[in-house]
Amino acid sequence: MLFWINHQFRQAARYGGFTGGVVSAEIREPRTDRWHFALSGKHTRSDWFIMRGVDGDSEEPDDQPEFSTYSLSAVADGPLSDRVSLLVASSRRHSDIPLVRRERIGSTTYSYSEDEQFRTNENYFVKLLARPSDRLRLSIDATYAPYAEKRWRAAWADSDWEIYNEAYRLNFGTDLTTGIGILKAKVAYSQSGYSRDTDNNYRYSSSNSVTGSAESYGGVGDATTENRSIDLAVDFESVPLSLPLLKSVSSGLAFNAATLDMWNEDAVGDVYVESATQILHTLTSYAGHEQSKSLRTLGYYASAELGWGRLSLTPGFRIDYDDYTGNIDVAHRLKAEFDTFGNGMLRLVSGYNRYYGATLRAYAFDRFRPYFNNQWRTTKATGLTTQTITDRVGVDYSYYAEGLNTPYSDEVMGGIAGGSGGLSYGVKAVRREHRNQLMNNSELQDDGNYRYWLTNDGEGSYEGLSGDISYVFDAGDWGKHSLKLGAAKSWIKTFNGGYYDNAYTESNGIERDYFMVYYNGALIPRASMPADNYNAPLVITLTWQGSFFDDQLRIYSVNRWRDWSKGLKRDTRISSQTPYGTTSGSNTSASSYWLSQTGSVYYDAYVKGAIAGGFMSDLSVEMDLFRSKTLTATLTGDVFNLFNASVGTSAAEDVTVQGRGYYLGFRCDF
């Protein structure tokens with residue numbers, strides 16, 4: 001593995017911008033005993049899966065009814081000298097997805113053929129570690145991660161586009177051990193983004209709800225996005241202190257500067273929607289546009305570990321500032337643990353923490369793409385054409401954070417944990433109060449446009465119960481085993497409408513109004529809807545890991561049972577079943593994009609639904625084909641959804657996990 005995963009509790013004050021729990025992933029250090037090499041690979045394909053709920057005609061790329069995927073990786077690490085070691089790694093994951101392509105060979109003539117989309121993700125990594133002395137440690141690591149994909153929409157002829165992304169990261173770090181503690185410092189630069197290259201920037205679409213005919217071709221233009229970020233951090237952790245109460249202290253400072261540059265090519269959307277009574281023609285012209293956004297954040301934390309007999313306390317705090325909101329947020333952190341018998345068999349754990357989220361900062365990178373909208377309505381009975389929208393300028397959805405507070409969550413946690421011999425257990429209860437959550441608001445102005453603003457009126461809560469018990473034992477000739485049984489249940493009370501989802505979206509040239517929705521057939525504010533998942537189900541898990549024949553055969557089984565739950569789903573209907581029709585105007589194809597009374601905008605439509613529960617089991621098997629002191633060759637196999645269960649993944653009908661599937665791979669360590 002390239003990463004060590006550590007669950008951090010004592011230094012929880014170090015982390016911000018999240019709600020509850022801390023998992024820290026760190027790149028492992030190169031080994032120094034000798035050089036180690038590892039090669040691994042894995043392959044699967046649609047022929048090895050029982051496919052459910054996919055497009056049998058192989059037209060929709062989101063369904064991926066046919067695919068072939070392989071992944072390869074190589075890792076080498078070892079010493080360059082007594083005090084210098086090196087780790088290099090590379091990986092490649094590639095998928096081919098055969099799909100139907102629709103091409104225009106005339107003004108109204110099309111040809112259909114099968115072609116292959118692809119997705120390719122690569123990673124190249126190097127880490128150099130030097131120890132000039134026993135007290136000083138220096139490291140440098142670099143990452144290069146290119147990504148490429150090719151897509152098209154089967155319903156849009158000549159709509160091909162390709163995505164490219166080259167991500168870089170360069171990190172310098174140093175650890176200095178002193179007589180009072182360890183001082184750590186790092187500086188990192190990262191860059192990522194994407195480039196979308198399309199065949200053209202003109203898209204035509206027409207649909208007729210009377211005849212059921214539809215025609216569409218063209219693309220949406222080129223676009224680029226570039227993210228650049230600089231991180232600076234300094235941390236100090238003291239050595240264990242021999243004081244009556246104070247056992248250790250830690251503190252740190254972190255700075256981040258991020259910039260987002262965006263560009264869109266000019267583009268045109270030309271859409272005709274015909275019904276029995278009228279023809280609606282919408283022409284949307286997007287201007288070429290460049291924009292740049294930036295955000296700088298500064299954070300400081302401090303914590304201490306106090307001990308008195310069997311009782312330990314970890315108080316701390318974290319202060320965060322950013323130049324977008326101008327807010328200074330002070331979060332308290334506190335953990336208490338009492339070892340009842342002094343031997344770890346029964347530990348009482350509790351905590352009281354505040355976490356400030358990063359939701360408000362996301363608005364610092366709001367994207368705005370200016371456009372002009374014109375619309376004409378032709379009444380078939382009279383032949384009269386009326387321009388209903390004239391040069392409407394695209395609304396800038398950018399928000400200003402002045403006067404807004406940063407959303408936060410107050411968490412109270414309590415539990416017990418312990419163990420003896422091969423048995424360990426834990427039970428935990430958590431309650432979080434979400435306050436100052438963001439709510440999107442809108443108001444129709446006299447000029448026909450909306451005014452948008454944010455408030456801190458949102459609030460919610462989370463309550464969760466979880467527990468687990470595990471047992472490790474040696475059965476002699478029957479192998480070594482590890483069993484773990486866990487259960488979790490939660491209750492969520494929140495709101496829908498404060499999420500960062502109000503990006504510009506259009507369908508058939510018609511703009512979406514994000515702030516209003518159809519819910520159960522009635523038009524209401526989005527903020528008045530229930531949350532997407534407001535009844536988290538009971539989940540019971542049983543995992544088993546077995547090792548046989550001197551660890552030459554290893555089996556790992558994960559089994560989960562999940563109760564039924566409720567959630568929101570798209571309300572898809574044909575055009576004539578909605579109040580004012582859909583953006584497609586089709587009476588043969590259902591849509592959840594319902595038009596407004598004037599037809600100038602559309603709203604998302606939702607309805608309450610159920611998410612099917614059930615039992616699922618995954619199985620992994622590893623068998624060493626050859627093993628020596630210097631070389632191990634291993635065959636790996638994974639079975640996804642062993643018993644072919646139909647467990648729901650959303651409230652939408654017929655949306656379940658895929659059926660049984662197989663993965664075959666290898667690993668070679670030497």
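Residues numbered from 1 in each chain as written. Predicted model: local features only at pLDDT ≥ 70, side-chain atom pairs only at ≥ 80, totals over all residues. Heavy atoms only, no water.

(A) Expanded view of the overall build of the chain. Along the backbone of the chain there are 1 helix and 36 strands. For the chain, buried positions account for 42% of its 670 residues. A separation threshold of at least 6 residues defines the contact pool for the chain, and within that pool the share at least 24 residues apart is 64%. (Helix = DSSP H or I, 4+ residues; strand = E, 2+ residues; numbered from the N terminus. Buried < 20%, exposed > 50% of the residue type's maximum accessible area, 1.4 Å probe, protein only. Contact = heavy atoms within 4.5 Å.)

(B) Summary view of the pairing of strand β4 (residues 68–79). Bridge count for strand β3 (residues 36–45) against β4 is 10 bridges, and the pairing is antiparallel. Looking at the pairing, phenylalanine 37 lines up with alanine 76 of β4. Here β4 pairs with strand β5 (residues 84–104) via 12 bridges, running antiparallel. Among the inter-strand pairings, glycine 78 is bridged to a residue of β5, identified as leucine 86. In textbook terms, the turn of a hairpin is the stretch between consecutive antiparallel strands, and for β4 and β5 this stretch comprises 4 residues. (Pairing = 2+ DSSP bridges.)

(C) How the structure looks around the packing of aromatic side chains. One pass over the structure, following the stated rule, counts 18 aromatic pairs. Here tryptophan 35 and phenylalanine 37 contribute two aromatic rings whose centre-to-centre distance is 6.2 Å and whose plane-to-plane angle is 20°, an arrangement assigned as stacked. Taking 5.3 Å as the distance between ring centres and 20° as the angle between the ring planes, the aromatic pair formed by phenylalanine 37 and phenylalanine 670 counts as stacked. Here the residue phenylalanine 37 occupies a position in strand β3, and phenylalanine 670 occupies one in the segment after β36 (661–669), the gap between them amounting to 633 residues. Owing to a relative accessible area of 34%, phenylalanine 37 belongs among the partly exposed residues under this scheme. With relative accessibility at 33%, the residue phenylalanine 670 sits in the partly exposed group. Ring-pair connections join several aromatic residues into one group, and the members of that group are Phe49, Phe67, Phe640 and Tyr663. Over the face of the ring belonging to tyrosine 217 we find arginine 104, whose NZ or CZ atom lies 3.8 Å from the ring centre. The cationic tip of arginine 354 hangs over the ring face of tyrosine 408; the distance from NZ or CZ to the ring centre is 4.1 Å. (Phe/Tyr/Trp six-rings, centres within 6.5 Å; stacked < 30°, edge-to-face > 60°. Lys NZ or Arg CZ within 6 Å of the ring centre and 35° of its normal.)

(D) Quick peek at the side chain of serine 461. With respect to the helices and strands, serine 461 occurs in strand β24 (residues 450–474). Taking relative accessible area as the criterion, serine 461 reaches 9% and is therefore assigned buried. When neighbours within four sequence positions are excluded, serine 461 is seen to be in contact with Arg431, Arg432, Glu433, His434, Trp491, Ile492 and Lys493.

(E) Broad picture of a negative patch on the surface. Side chains of Asp47, Glu66, Glu114 and Glu116 sit close together on the surface and give a patch of like negative charge. Following the sequence through the fold, aspartate 47 ends up in the loop between β3 and β4. What makes aspartate 47 exposed here is its relative accessible area of 64%. (Patch = residues over 30% accessible without salt bridge, like charges linked within 9 Å, V, L, I, M, F, W, Y side chains within 5 Å. Areas by Shrake-Rupley, 256 points an atom, 1.4 Å probe, with all protein chains shown as cover. Salt bridge = Lys/Arg side-chain N within 4 Å of Asp/Glu carboxyl O. Lys, Arg positive; Asp, Glu negative; His and termini not counted. Charge placed at Lys NZ, Arg CZ, Asp CG, Glu CD.)

(F) Expanded view of the sheet that holds strand β15 (residues 278–286). Strand order in the open sheet made by the 6 strands is β11-β10-β14-β15-β20-β21, with mixed pairing throughout. What marks the edges here is a single partner per strand, and that holds for β11 (214–218) and β21 (385–393). Adjacent strand axes in the sheet meet at a mean angle of 10° when their direction is disregarded. Relative to β15, strand β14 (residues 267–274) runs antiparallel, the two being bridged by 8 bridges. Note that in β15 the partner of alanine 267 across the bridge is tyrosine 286. (Axes fitted to C-alpha atoms, helices over the stretch in contact; angles between N-to-C directions.)

(G) Just the environment of alanine 257, in detail. Positionally, alanine 257 belongs in strand β13 (residues 246–264). Residue class for alanine 257 comes out partly exposed when judged on its relative accessible area of 21%. Sequence separation between alanine 257 and threonine 297 is 40 residues, and the spatial gap between their C-alpha atoms is 6.6 Å. When near neighbours in sequence (up to four residues on either side) are disregarded, alanine 257 contacts Arg228, Ser229, Ile230, Leu295 and Arg296.

(H) Region of interest: the pairing of β13. Across 15 bridges, strand β12 (residues 223–238) lies against β13 in antiparallel orientation. Directly across from valine 234, in β13, lies its bridge partner leucine 253. Here β13 pairs with strand β16 (residues 289–308) via 18 bridges, running antiparallel. Within the sheet, the bridge partner assigned to methionine 262 lies in β16 and is glutamine 291.

(I) Focus on the pattern of salt bridges. Tallying each qualifying case throughout the model produces 34 salt bridges. The residue arginine 137 makes a salt bridge to glutamate 29 at a minimum N-O spacing of 2.8 Å. One end of the pair, arginine 137, is in strand β7 (residues 136–151); the other, glutamate 29, is in the loop between β2 (23–27) and β3, with 108 residues separating them in the sequence. Given the relative accessible area of 18%, arginine 137 is considered buried. The salt bridge partner of arginine 667 is glutamate 622, with a shortest N-O separation of 3.2 Å. One end of the pair, arginine 667, is in strand β36; the other, glutamate 622, is in strand β34 (residues 614–627), and 45 residues separate them in sequence. Here the salt bridges do not stand alone but share partners, grouping Arg554, Glu622, Asp624, Arg627, Arg667 and Asp669 into one network.

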